[in-house]
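# Observations on the three-dimensional arrangement
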Amino acid sequence: EGIAGQATALALAAAAIPVLLLAREPAEHTESTHRHDGFDAARGADDSPSRHLDDLLAVAGPGSRPFLESMTNGASAQLERLERLEIPFERERDGDLVLSQLKGSSVARSVHAESMTARHLSRRLSALLAKYEVSGQLHRYVGWTVVDLVLDDDGSACGVVAQCFATGELRSFEANGVCLASGGHTGLFMHDTLAPGGLGGVTGLALRRGASVVAPGSVSVHPLCYRAAGFVRRLPRRLESMNADLDAGLFDLTRLDRAPLRRAAGSALEAYAQAAGADPYSEPIVVMAAPDRTLGGLEVSTDHATAVPGLYAVGGVIGAYFGAGLGIMTLAVLG
């Protein structure tokens, strides 16, 4: 029940479409809610959707243009919607949003709710979904995993077979269409990370039923990871924008004021101090680059349809935004 799945379910329910939401785990345990990403939108006087698009295409390549163009054109409206959801974005004293410039962006356009933007958004979406549960518009099953896709005689997706973790029960769920929001397959590349990551099981089911995949072996690399107690953990990439020194695997924050560091990193630096037994404010952090997220995934059209009729996909399971992992956490899923 990650952010992409929550947002898709909410959009369908708001359109008076009955929704059956199957989730392998509760929202607070999903990959998307554990990320430190902010939200990117062209809001500054020196920025524009076309400039935002150019920055993303420089990384993703021209094949992603149809998806990224729609996303960047709608980013400001989506940000306004997030503000209406009362996401506690950081603000200047005059009330304007604090804009951060991340690596890969030509201007400052990222907004953050400290390092908890994703969790704040997920909680807001969960609260909105709960209202549709009460009305009966949405039915939610948490603790179930999809084990097969069901196609009708014409080859269209018409439901799934799922299994309950708690009881082992297998059940078929009928539907007029199926949307996959099962996340990427980072677990295939990150066996020693504490961050949750899928193994691509649902992607495999879709491939077996006739879907196609784009660049399944491509991953992005996070430069600010550290190892503690045998696991790899991530620091927020926003710290890169704070003029910290990164040299020969040492990330030095000791010259920077603590207040903005705490605002940018939230509890991440405290977690590092506890796990590594070192003070990040007084001694450099030994960091390493590690696989962060998959860039490829299921191939979809601009309306997020796969090659299988009636089967759609959103979020990390798709490869439509291939290579564009620049802190654009939610732009594509709230429309």
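Residues numbered from 1 in each chain as written. Predicted model: local features only at pLDDT ≥ 70, side-chain atom pairs only at ≥ 80, totals over all residues. Heavy atoms only, no water.

## Things to note about the overall build of the protein chain
Along its length, the protein chain carries eight helices and 17 strands. Here the protein chain has a C-alpha radius of gyration of 20 Å; the compact-globule value for 335 residues is 20 Å, and the two agree. For the C-alpha atoms alone, the extent of the protein chain along its principal axes is close to 65 × 45 × 40 Å. Taking contacts inside the protein chain between residues at least 6 apart in sequence as the whole, the part at least 24 apart equals 64%. Roughly 15,500 Å² of accessible area belongs to the protein chain as shown, and the carbon and sulfur atoms make up 51% of that amount. Across the protein chain, the centroid of the 29 positively charged side chains sits 3 Å from that of the 38 negatively charged ones. (Helix = DSSP H or I, 4+ residues; strand = E, 2+ residues; numbered from the N terminus. Rg over C-alpha atoms; globule rule 2.2 N^0.38 Å. Contact = heavy atoms within 4.5 Å. Areas by Shrake-Rupley, 256 points an atom, 1.4 Å probe, with all protein chains shown as cover. Lys, Arg positive; Asp, Glu negative; His and termini not counted. Charge placed at Lys NZ, Arg CZ, Asp CG, Glu CD.)

## So, the environment of Gly-61
The topology assignment puts Gly-61 in the loop between helix 2 (49–60) and helix 3 (65–73). As a C-alpha pair, Gly-61 and Glu-1 span 60 residues in sequence and 30 Å in three-dimensional space.

## Let's talk about the environment of Pro-26
Here Pro-26 is to be found in the loop between strand 1 (19–23) and strand 2 (39–40). Placed 243 residues apart in sequence, Pro-26 and Leu-269 show a C-alpha to C-alpha distance of 25 Å.

## Quick word on the packing of helix 2 against helix 3
Look at helix 2 against helix 3: their axes get within 9 Å of each other, and the N-to-C directions meet at 145°. Of the two elements, helix 2 crosses helix 3, and the hand of that crossing is right-handed. Along the contact surface, helix 2 presents Pro-49, His-52, Leu-53, Leu-56, Leu-57 and Ala-60, while helix 3 presents Arg-65, Leu-68, Glu-69, Met-71, Thr-72 and Asn-73. Residue classes in the contact of helix 2 with helix 3 are distributed as seven nonpolar, three polar and two charged. (Axes fitted to C-alpha atoms, helices over the stretch in contact; angles between N-to-C directions. Left-handed = near helix turned anticlockwise from the far one by under 90°. Nonpolar A, V, L, I, M, F, W, Y, C, P; charged D, E, K, R; others polar.)

## Points about the pattern of salt bridges
Under the criterion given, the structure shown has 19 salt bridges. Between Arg-35 and Asp-37 there is a salt bridge whose closest N-O contact spans 3.3 Å. There is no split in this pair, since Arg-35 and Asp-37 are both buried. For the salt bridge of Arg-109 with Asp-55, the shortest nitrogen-to-oxygen distance reads 2.8 Å. Here Arg-109 is found in the loop between helix 4 (75–84) and strand 3 (110–111), whereas its partner Asp-55 is found in helix 2, with 54 residues between them in sequence. One continuous salt-bridge network, built from bridges that share partners, spans Arg-35, Asp-37, Arg-234, Asp-292 and Arg-293. (Salt bridge = Lys/Arg side-chain N within 4 Å of Asp/Glu carboxyl O. Buried < 20%, exposed > 50% of the residue type's maximum accessible area, 1.4 Å probe, protein only.)

## Considerations on helix 1 (residues 3–14)
Note: α-helices contain 3.6 residues per turn, so residues at a spacing of three or four share the same orientation. The first and last C-alpha atoms of helix 1 sit 16 Å apart over 12 residues, in line with the 16 Å expected at 1.5 Å per residue. In terms of burial, helix 1 is a largely internal element, nine of the 12 residues being buried. Among the residues making up helix 1, those that are buried are Ile-3, Ala-4, Gly-5, Gln-6, Ala-7, Thr-8, Ala-9, Leu-10 and Ala-13. Contacts from the buried residues of helix 1 go to strand 1, helix 4, helix 5 (117–135), strand 4 (138–142) and strand 8 (178–180). After helix 1 finishes, the residue Ala-16 shows a positive phi value of roughly 65°. (Expected span 1.5 Å × (residues − 1).)

## Digging into helix 4
Listed in full, the buried residues belonging to helix 4 are Ala-75, Gln-78, Leu-79 and Leu-82. Along the long axis of helix 4, the arc covered by the buried residues comes to 100°, so they all point the same way. Two residues or fewer after helix 4 comes Glu-86, characterised by a positive phi angle close to 65°. (Arc of directions from axis to C-beta.)

## Observations regarding the confidence of the model for the protein chain
If pLDDT is low for a region, its predicted coordinates should not be looked at in detail. In this model, the protein chain carries an average pLDDT of 88, and 93% of its residues clear a pLDDT of 70 or more. For residues 326–335, every residue scores under 50 in pLDDT, and the model assigns this stretch 45 contacts once sequence neighbours within four places are set aside. (pLDDT = per-residue confidence, 0-100.)

## Quick notes on the nonpolar core
Taken as a class, soluble globular proteins show a tendency for nonpolar side chains to be buried jointly. By size, the foremost hydrophobic cluster in this structure holds 29 residues, and its most contacted members are Leu-68, Leu-149, Leu-180 and Leu-311. Elements with a contribution of two residues or more to this core: helix 2, helix 3, strand 5 (144–151), strand 6 (157–164), strand 8, helix 6 (201–208) and strand 17 (311–313). Filtering out sequence-adjacent residues up to four positions away, Leu-311 remains in contact with Leu-149, Ala-157, Val-178, Leu-180, Ala-206, His-304, Ala-305 and Thr-306. Val-19, Phe-89, Leu-125 and Leu-129 belong to the second-largest nonpolar core, a separate cluster that totals 23 residues. (Core = buried A, V, L, I, M, F, W, Y, C linked by side-chain atoms within 4.5 Å.)

## A word on unusual backbone geometry
A positive phi angle, close to 55°, is found at Ala-229, a residue other than glycine. Classification of Ala-229 by relative accessible area gives exposed; the value is 70%. Of note in the backbone geometry, His-304 takes a positive phi value of approximately 70° without being a glycine. Mapped onto the secondary structure, His-304 falls in the loop between strand 16 (297–298) and strand 17.

## Details of the sheet that holds strand 14 (residues 285–286)
Taken in spatial order, the three strands make up an open sheet running 12-13-14, and their pairing is antiparallel. Edge positions in the open sheet fall to strand 12 (245–247) and strand 14, since each of these has one partner strand only. (Pairing = 2+ DSSP bridges.)

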